[in-house]
Amino acid sequence: MKIKFLGAAGTVTGSKHLLKTKYGNVLIDCGLFQGLKSDRLKNRAPFPESAKDIKYILLTHAHLDHCGYLPLLVKEGFTGQILCTGPTRELAYIILKDSARIQEEDAALANMHGYSKHHPALPLYTQKDVEKTVRYFRTTEEKKWIELFKDFKIRFHRNGHILGSCFIEIRSEGKIIIFSGDIGRAKSDILIPPASLEEADILIMESTYGDRLHNKVSSMEQLAYLVKKVVQKKGNLLIPSFALGRAQEFMLLFCRLKEQNKIPDIPVYLDTPMGANVTEVYLKYPSWHKLSKEDCRKIKAGIRVVKDYKQTLKISALSGPGIVIAASGMLTGGRVLTYLKKYLGDKRNTILLAGFQASGTRGRALQEGAHELKIQGAYYPVNATIAQINSLSAHGDQAEMLSWVNGFRKKPEKIFLVHGEGNALQAFRLKLQSVMETEIIIPEEGNEFTI
Ligand SMILES: [Zn+2]
């Protein structure tokens, strides 16, 4: 059997790992590249392998950098099955529809204002393409073995990253292969911690925070402090966020802070039409998280969901104080840009970066102290306060990841480190080497290995 790395190799986006077996090919995750332009261009290039020869796609979770390439693979001729958990299927559908809608909106805006270098600007895929894609989805339950081919079986184990997210275990040719997907936190207000696994021969593991430890300061306290500052200045707090996972966590925290009178009752807007639908998925799968029905009800009641672009324009023009949560989380596109254009130049406002900001994104530029940002063809000065909070990360930090690998009774003989940038990968390799005798490989995109 061979493994070929087609994405998230030396970078954090575009997760695609291809297993070539004598029975047929299996792709683990099918994510979109985001961030650096050189990476994003790969989304438009032909798929480097035959899409028709892929019999199965196994999805670890529904984030766009793990499932966002699916409609393109279907366009290239994939007709196999896409296997994942129930919540992943529902969330992937919502996320893919939203991604297509954003691309259609962005292309329409670019064509209207003529700021794209492409004439006409075209979306990578449309909502119609997404409808075709979801027909290939099949769901499975956690821990249930499924035989894909003779001597090739798989099962999913929850990994605490977002609702429905899982590790994938494969047993074939006498070997146990584990794909970590994105590894969640040991402690979370919403999700159940990652499952401990017993044994592995080959481990394909993420390394997003391989060189860092998350802040231990309580996110409630940090958030309360930031909101109070914004209220004092009568500004707005903008939180760029994945619409899935972190957005729900923020909504829950704002509800709790208001209940405990730790922040005043200022409006909280969730500007993504899919936000409300995501909360429905939480209600449908209670065994996958810790939220009660009452929590879900409160989250829904406490938030104003912005449904269309007209409303976005209206709300972005309101003076503060207010809180807006909008996608995308790394400021690469979507409605958040409309707010950013309005808020960035005014020192009363705060932009709160809460997730990993990949290199090449506007989020990373802000993190690194940029004095201006280019948005849709024009430059905007950065006068707003740029704040960061990493205690709400959906990824385990170096210590959490290390403790998960240490939990294996039979340690893997080989570990491939993926889904990380240069420093994180190198630091995590050294750390792993200091605690276990295992061959550790950092593959480059396009590398193929016999396993
Ligand atoms: Zn993820």
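Figured I'd write up the structure that's included with this text.

What counts, and where the lines are drawn
Residues numbered from 1 in each chain as written. Predicted model: local features only at pLDDT ≥ 70, side-chain atom pairs only at ≥ 80, totals over all residues. Heavy atoms only, no water. Helix = DSSP H or I, 4+ residues; strand = E, 2+ residues; numbered from the N terminus. Contact = heavy atoms within 4.5 Å. Disulfide = S-S within 2.5 Å. Axes fitted to C-alpha atoms, helices over the stretch in contact; angles between N-to-C directions. Parallel < 35°, antiparallel > 145°, perpendicular 65-115°, else oblique. Left-handed = near helix turned anticlockwise from the far one by under 90°. Nonpolar A, V, L, I, M, F, W, Y, C, P; charged D, E, K, R; others polar. Donors = N, O, S within 2.8 Å, 3.2 Å for Na, K, Ca; no water. Tetrahedral: all angles 85-135°; square planar, octahedral: opposite > 155°, others 65-115°. Buried < 20%, exposed > 50% of the residue type's maximum accessible area, 1.4 Å probe, protein only. Salt bridge = Lys/Arg side-chain N within 4 Å of Asp/Glu carboxyl O. Phe/Tyr/Trp six-rings, centres within 6.5 Å; stacked < 30°, edge-to-face > 60°. Lys NZ or Arg CZ within 6 Å of the ring centre and 35° of its normal.

Considering the side chain of Arg 155
Thought 1: Positionally, Arg 155 belongs in strand S8 (residues 152-158).
Thought 2: Arg 155 has contacts with Lys 143, Lys 144, Trp 145, Phe 167, Ile 168, Glu 169 and Arg 171, leaving out every residue within four places of it along the chain.

What about the state of the cysteines?
Thought 1: Tallying each qualifying case throughout the model produces zero disulfides.
Thought 2: Unpaired in this structure, Cys 84 has its nearest cysteine sulfur neighbour in Cys 67, at a distance of 9.0 Å.

Brief notes about the packing of helix H13 (residues 398-406) against helix H14 (residues 422-435)
Thought 1: With their axes 11 Å apart at the nearest point, H13 and H14 run at an angle of 40° to one another. When the axis of H13 is compared with that of H14, the two are oblique. Considering how the two elements wind past one another, H13 and H14 form a crossing that is right-handed. The residues of H14 that touch H13, namely those facing Gln 398, Met 401, Leu 402, Val 405 and Asn 406, are Ala 427, Phe 428, Lys 431, Leu 432 and Val 435.
Thought 2: For the contact of H13 with H14, a count of residues per class yields seven nonpolar, two polar and one charged.

A few points about the coordination of the zinc ion
Thought 1: Of the protein atoms, only His 61 (NE2), His 63 (ND1), His 161 (NE2) and Asp 182 (OD) coordinate the zinc ion, at distances of 2.2 to 2.3 Å.
Thought 2: The coordination sphere of the zinc ion comprises four donor atoms, whose angles at the metal cover 90 to 169°; the geometry is irregular.
Thought 3: Written as a sequence motif, the donor arrangement for the zinc ion is H-x1-H-x97-H-x20-D. Of this pair, His 61 sits in the loop between strand S4 (54-58) and helix H2 (64-67) while His 161 sits in the loop between S8 and strand S9 (166-172), and the two are 100 residues apart along the sequence.
Thought 4: Exposure remark for His 161: the relative accessible area of 3% places this residue in the buried category.

Details of the pattern of salt bridges
Thought 1: Tallied over the full model, the rule gives 32 salt bridges.
Thought 2: In this structure, Lys 20 and Glu 49 form a salt bridge, with 3.4 Å as the shortest nitrogen-oxygen distance. Residue Lys 20 is located in strand S2 (residues 16-20), and its partner Glu 49 is located in the loop between helix H1 (37-40) and S4; the two are separated by 29 residues in the primary sequence.
Thought 3: Lys 298 serves as the salt-bridge partner of Glu 259, at 2.8 Å between the closest nitrogen and oxygen. In this pair, Glu 259 is assigned in helix H7 (residues 246-259) and Lys 298 in helix H9 (residues 293-302), connecting sequence segments 39 residues apart.

Observations concerning the packing of aromatic side chains
Thought 1: All told, the structure shown has 13 aromatic pairs when counted by the stated rule.
Thought 2: Taken together, a centroid distance of 5.5 Å and an interplanar angle of 65° make the contact between Phe 149 and Phe 152 edge-to-face.
Thought 3: The structure contains a cluster of three or more aromatic residues connected by ring pairs, namely Tyr 23, Tyr 56, Phe 149 and Phe 152.
Thought 4: Between the NZ or CZ atom of Lys 16 and the centre of the ring of Tyr 69, over which it lies, the distance is 4.6 Å.

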